[in-house]
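Fold and contact review
Read off the chains here:
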Amino acid sequence: MACNALVSISRHRTNEVWSTISGKIVSGQLPHYFIVQTLASVAAANPTAIVPQLSSSLQVFLPLFGMVKHDNMRWVFAFAFSKFSEAIMHYLANVEHAGDINQDSFTAEMFSAFDILFTVWLQSKEMKLKIIVLEGIGQMSYLLGRERLDSLLAKLLPTLAALYKKVEPLHVTKSIIAVVDAAINLKCEALNDQFEFLWNTNFPQICIQVDYSNTGAVKNYNEVLRLFQVLNKRYSDVLLTYLLQKLEVSNEKAKLGVLAIIKHLVNAAENNMELNEKKSLVISGVKMLLNDPNNKIKRAVGQTIVAMATHDYLKIEGGILMIEFLVRQCALADESSKDKPKSGSDVVSNRELRSTCEHMLYVITSSITQAESVLWPNMLEYTINVGCTEAMGAICRSAAHLGNLKRSKEDPEYVIDYEVYVNLPKPHALIARLFTMAGRPLNGNNRGIHVLRLMLAMSPNLDEDIVSLWDMALPKLINYLEELENDANRWSLKTWEDLLLKFLSKTLEQISDDDWICALGKEMMEQLQHLYDSLAYSEEKNFHYKCMGMVMRQTNNKRIVEEMIDQVLLTVKNSEECQRQGCAVAIGYAASAHLDKVLEKLNSVLTNGLKLPEHLAVKEKKKKSKKHLEGYLNGSEHEQERILVVISNLVNSFKDIVNVSESVEGLGHMLSRIIPKCTDPNYDIRKAAFDCVQHILLIQLRVTGKSLETSDEMIDAIPILKQRIAKGDTATLFSVVNDLAKVIAKKLPSSELEDFIFALFDALSDNAPQCASGVCVIMNGVFKSRAPEMFNTVKEVIVEFVERLLGLKTDQVRKGALRAFRTFASHHLNTVINLLLLSFPLPYEDTISALWSILAEDKGLTEKTFQMFLEILQTKQPYEETKTEKIASRSRVAVCYAFTIMTKVEATQSVSVAYFDRIFPALIMNIGAMQFTSSPSPGDMLGDWGRERKKDEAKKKEKKGKGPAAPVIYPISPAVDLLQSYLSSLPDDFAKFYEHVEENDTFSGLKTVSYLNSIQDVARHFINDIPSHKNSIITHFNLSSLFENERSVIAAFYAQFINERCADDLDLVQTLMNALLGRLIDTSHTVRKLCVEGLSNIAALGVDEVHKFSTAVLSALVSGLDDKDDPDESITVTSISGLSKVLDLIDEDAVRGMLITITLRIKPCYEKANAEVRAAAFSLFGKLSKFCTGKSEAAFLEQIQNNFVSILLHLNDSQNDVKLACKGTLRQIGPLLKAPKVNGMLQKFLIDSASLHYGEFMNDLSKSLIHDMVERINFLLTGNLIFFKSNDPAMRQNAVMFVGFLLGNLSNEHHNLITTDHVCSAITQLLKDSDKDVRVKAVESIGLLGNY
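As a starting point, this report considers the structure included with it. (Residues numbered from 1 in each chain as written. Predicted model: local features only at pLDDT ≥ 70, side-chain atom pairs only at ≥ 80, totals over all residues. Heavy atoms only, no water.)

1. Description of the packing of aromatic side chains
Applying the stated rule across the entire model yields 50 aromatic pairs. Taken together, a centroid distance of 5.6 Å and an interplanar angle of 50° make the contact between Trp 470 and Phe 503 tilted. Of this pair, Trp 470 sits in helix α24 (residues 467-486) while Phe 503 sits in helix α25 (residues 493-511); the two residues are 33 residues apart in sequence, bridging distant segments of the chain. Plain terms: the ring middles of Phe 801 and Phe 821 are 5.7 Å apart, the flat faces sit at 80° to each other, and that makes the pair edge-to-face. Within this pair, whereas Phe 801 is found in helix α40 (residues 794-807), its partner Phe 821 is found in helix α41 (residues 811-827), the two being separated by 20 residues in sequence. The pair Phe 801 / Phe 821 is uniform in exposure class, with both members buried. Chaining the aromatic ring pairs together yields one cluster made of Phe 916, Phe 920, Tyr 982, Phe 990, Phe 993, Phe 1022, Phe 1037, Phe 1053, Tyr 1054 and Phe 1057. Above the plane of the ring of Phe 111 lies Arg 148, whose end atom (NZ or CZ) is 4.8 Å from the centre. When the ring centre of Tyr 313 is taken as origin, the NZ or CZ atom of Lys 279, which lies over that ring, is 5.0 Å away. (Phe/Tyr/Trp six-rings, centres within 6.5 Å; stacked < 30°, edge-to-face > 60°. Helix = DSSP H or I, 4+ residues; strand = E, 2+ residues; numbered from the N terminus. Buried < 20%, exposed > 50% of the residue type's maximum accessible area, 1.4 Å probe, protein only. Lys NZ or Arg CZ within 6 Å of the ring centre and 35° of its normal.)

Put into structure tokens, the structure is as follows:
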């Protein structure tokens, strides 16, 4: 209470409170707990007044840290420094004129405190202390300064992340966010290396379903999202790349996590230009999920779309697809009882998703103003999309809201120019569609009211003559439906139909323009064919027929009436009572005004239905008659039997009158229409169908010149087959029709084969699954012997299979059709494989996947198919290279998808094993080839068939000129997925290998920029787990490939094999070394680096083998030091590292010839800008000292003298790794100097773990140098003068001070050993140096020269 009171008082009398309380702190004595707490709280409450006087208080606090032993005092000290940091940052952010106070003003004090909190107090087991320390670390990070925070990040972030298992995650996440935010604000470069770690640590937390009953879990989830928001400020490109790559994996949780992050980033990006500039990329990422079948993902996509709409994403290209996605979800049908998901909080049913998306669509429409220009009038486009029929309520609700809004405001955008919006349905199309939809107002989630409201909103855009009528009548109709919502018992469909048809009649009367009415009739005919063909819309079709009847009654155009009657009669499904009733009413309306035409048409239909010659024709002009016949064949059992008997009798009579050798067209087509009934569940229908088949085949026999008395063994056997069909069990029936297929295959002429087959495809959709299955058996049997004749129509047959399979719902029929496809494909395998690879959309839809899978079930076809895949992977160009990108070839990507599908079929295992030594190298090289490639063009991804399908869909929607859409993929994903699927499909012998690769997340790594590390992981597990295959796969690797990344993965593989000793196969080691030596001149920097790495790995072979290869390897590694095309100097580092490893294992004799060459080659590396190179070079020089014996001793001692100054100067390098390397090297060469005092100092003071005061050390060392080697003082001075012109200011500083120490400690008697004029002149020049610190050091050096 006292603490809170003082904080309140401090708001008015800040300085008095602060000075009084801070005065209680006595140096060397721990203050009271509440004194510290109060000071911290006062500082946080009054940052503007306290921060300017905080520095002195911090200096009092810091010495007390060492005295704090108890957890409660540690807690309050951590609390205090957290609040102090918070106050400082608040002050800097809000005080305009902070004077001399900046972020660096408190760096030293904060770092001292931070070091104790991080290294000591964070290790405490007391949870409260851990939590406050985490908070303090986060707040203090902002004040550590860039250099210090940069050096800490690599250790700090992993340490914090490790606490997730020990501390409530929320506190850890907040601390990490603060550290990352500070690193970004301070522009710390080390954060770049931590991005992947942060991703791997935090992304899985987003993928875990949140328990919303757990407040802490919810808060942590939101904080993790905020972390990605913070990362996005600096790493938006990298973050989006990681996010989009995760969308390609088939992992529900990962996709949900990505969507959660994208939604958060979008919502948080109001002032974030980094994301705003990448809206198109965000749109393309979300587009990848628009076809995902998972309802939970769909719901998350919808939520993301709402966020995107709020932030104006929908105006970008592809934005309209987001709206289309919501519309499609609004059209979802409820699952069938067998498909219904199990109940649970984690389940999203179609009904729930549909309801959610309907709400989302309306929210966007009604609440997000900036979305209006996207939605209006484009929403109208979906009204005539058959796939959106079930969403008509939601579509009309949104469109009506916008239309009414714009109409009431007299908004100029309300008026629709149909010449500009070419994709919109025209007025006649809208009127026809909306009337039909309103005819069944309770369907589609009570769509009627919304349809009528849209009609009311749209009337001025439809026709000016109907506005007054519609404005008067439609509100009454709307009111009628609204009243029914409260009293459903009053509902009468007939009453409603009468009201609506009367309204349509009055509308047509109001128009009073026969051309306009005819145009409406034509549109109704068009919609009849495309929108209501499905049995699911029989009720809508019923009312559509009635509307057509009303139009026929109103028009005077006889030709239109005739066409409309034809359409009604030809499209009605006689088996559907609902359709028949609608057809009858329509004809009745038409007859009331055009009785003569109606009677004429009915008579024509009845006549054509019984004329055999007409029905035997297959030309396009005969389709109407065939449809009439097929109506009977799909009618009731009685109708089917009756028509088959009629056909049988007519065909039997026809064979008696047909002339020998007379051409009779259409026998194959007629046969295909009868075949389905051969396996009908009704025995009488089956028997009649067999009679028909026999008589048709007899006609064909007659046509070939045989007399009626001629006996034909196969045709004569049909009655015997007919006897067997008396048994109704499926197995018997399919056995019989299989035998019948042999007869047909033998007797059907070639001229009828194609018509027979293509017409047989229609029969696959027979209403009776047993009939359709029988068709599959017939088709399969005919293909076995006759498929080779169809070489000119392979593509057409495959397309028919695909399109028919899309509509098949019965598993039995689907399986039968797939088997028939496989039989056909076996005769044209190469053509079929190429068609499947190039013609259909990628990734493959379920239907195409099923085709690949059925091929995989046949070992012989699998083997041939795998050979074709290998040929493509090994010989076809993997990508096309442009100036800006590499575009993966369609064939490569397709092979990846197809190969993956086939490997998932268990039957392929034996072939996979037999071809392992060819397949595995091909897949590894393919992964290399697909790295950094972009997806083929959308058109290529769709393939020929896919493009045609898109065009057809566009025509139906009147979307002329709209390009095809295809999902965005990264080709590396299917390439890696293929390898994973293939390895997982192999038998137990390979299980250990696959498990080791999978458990290290190697497959994911293959999709990242660090893929070569993952390749080496694969190689390591390969050589250790399945070494028996090592030699055979090497023969199939091509290190001379034309493509850089293929060579890279092979070189990486070889390097790792050598590192694993090639499972002690030294002959193989020699082979791989020779291969790598041959690629040291490769044009690729990466390949050369990997070759150097592989050669250096001979160190793993042991002393004896290293000596065997040392000469060649040393030469290669030395040549790597001179690589002229080494921009990041990674080859140099790898070469030095390799030399270091190899030199550890050889003796002076082996290295003597190259020792001096090596020292000379690494000398330029000492002054490289890259600290890693400098450190490695100095360390290597130290290792070379072991060869300073025997014949090499004199030459190496000279090199020590030549490099001694450089090593001493870099002892104070700006990078700690270089300092440590120089310490170690000086300790190694010290004994060789033959200077006891100098060596003593080097061994005593240059301890790795100890800090070194460089100035004092060099001053003392100078005295020892003068004592032990005064004769070399001039040489040392000259060596330092060279560094006066170094590009590194630190080296210039170190050199001038070294010169000052040497001259200042040199006694008068030795002055004659040096030329002081030259040295002093050089020092004087440094007084003009551009660097302030160099000038200061030059002055200090001159101050040491008092004796000169």
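2. What about the nonpolar core?
The biggest cluster of nonpolar side chains holds 244 residues, and the ones touching the most others in it are Tyr 844, Trp 852 and Phe 920. When sequence neighbours within four positions are dropped, the list of residues in contact with Trp 852 reads Ile 833, Leu 836, Leu 837, Tyr 844, Thr 865, Phe 869, Ala 898, Ile 901 and Met 902. Of all hydrophobic cores here, the second largest spans 214 residues; its members include Ile 21, Val 286, Ala 400 and Ile 431. (Core = buried A, V, L, I, M, F, W, Y, C linked by side-chain atoms within 4.5 Å. Contact = heavy atoms within 4.5 Å.)

3. Quick notes on helix α61 (residues 1193-1209)
Given a rise of 1.5 Å per residue, 17 residues ought to cover 24 Å, and the 24 Å separating the end C-alpha atoms of α61 matches this to within 8%. In α61, a bend of some 45° at Asn 1203 exceeds every other bend along the element. (Expected span 1.5 Å × (residues − 1). Bend = angle between axes of the 7 residues up to and from the residue.)

4. Focus: the side chain of Thr 389
In this fold, Thr 389 is placed in the loop between α19 (372-375) and α20 (392-408). By relative accessible area, which is 0% here, Thr 389 ends up buried. Those residues in contact with Thr 389 that lie beyond four places of it in its chain are Arg 433, Met 437, Arg 447 and Tyr 537.

5. Focus on a nonpolar patch on the surface
A cluster of nonpolar side chains, namely Leu 1327, Val 1339 and Ile 1342, defines an oily patch on the protein surface of about 220 Å² accessible area. Mapped onto the elements of the fold, Val 1339 is located in helix α68 (residues 1332-1343). (Patch = residues over 30% accessible without salt bridge, like charges linked within 9 Å, V, L, I, M, F, W, Y side chains within 5 Å. Areas by Shrake-Rupley, 256 points an atom, 1.4 Å probe, with all protein chains shown as cover. Salt bridge = Lys/Arg side-chain N within 4 Å of Asp/Glu carboxyl O.)

6. Here we look at α20
Taking 1.5 Å of rise per residue, 17 residues should cover 24 Å, and α20 covers 23 Å from first to last C-alpha, within 8% of that figure. When we look at burial in α20, the residues that qualify are Met 392, Gly 393, Ala 394, Ile 395, Cys 396, Ser 398, Ala 399, Ala 400, Leu 402, Gly 403 and Lys 406. In this structure, the buried residues of α20 make contact with α17 (319-330), α18 (350-367), α19, α21 (427-439) and α23 (448-462). Following α20 by one or two positions, Glu 410 adopts a phi angle in the positive range, close to 55°.

7. Topic: unusual backbone geometry
Trans is the prevailing form of peptide bonds, just as negative phi is the prevailing case for residues other than glycine. Along the chain, Trp 376 connects to Pro 377 via a cis peptide bond; the corresponding omega equals 0°. In this fold, Pro 377 is placed in the loop between α19 and α20. Following Leu 842, the chain continues to Pro 843 via a peptide bond in cis, the omega torsion being -10°. At Asp 312, a position not held by glycine, the phi torsion is positive, near 70°. Along the chain, the position of Asp 312 falls in the loop between α16 (295-310) and α17. What makes Asp 312 partly exposed here is its relative accessible area of 31%.

8. Observations regarding the environment of Ile 1266
Of note, Ile 1266 is situated in helix α64 (residues 1254-1269). Relative accessible area serves as the criterion here: at 10%, Ile 1266 is assigned to the buried category. Residues Ile 1266 and Met 67 lie 1199 residues apart in sequence; the distance between their C-alpha atoms is 46 Å. When near neighbours in sequence (up to four residues on either side) are disregarded, Ile 1266 contacts Ile 1273, Leu 1302, Asn 1305 and Leu 1306.

9. Things to note about the pattern of salt bridges
With the rule as written, the count across this model stands at 51 salt bridges. Close ionic contact of Arg 453 with Glu 482 constitutes a salt bridge, the shortest N to O distance being 2.6 Å. Placement of Arg 453 in helix α23 and of Glu 482 in helix α24 is noted, with a sequence separation of 29 residues between them. When its relative accessible area of 29% is taken as the criterion, Glu 482 is described as partly exposed. In this structure, the salt-bridge partner of Lys 1263 is Asp 1260, at a minimum N-O distance of 4.0 Å. Of the two residues, Lys 1263 and Asp 1260 both sit in helix α64, 3 residues apart, roughly one turn of that helix.

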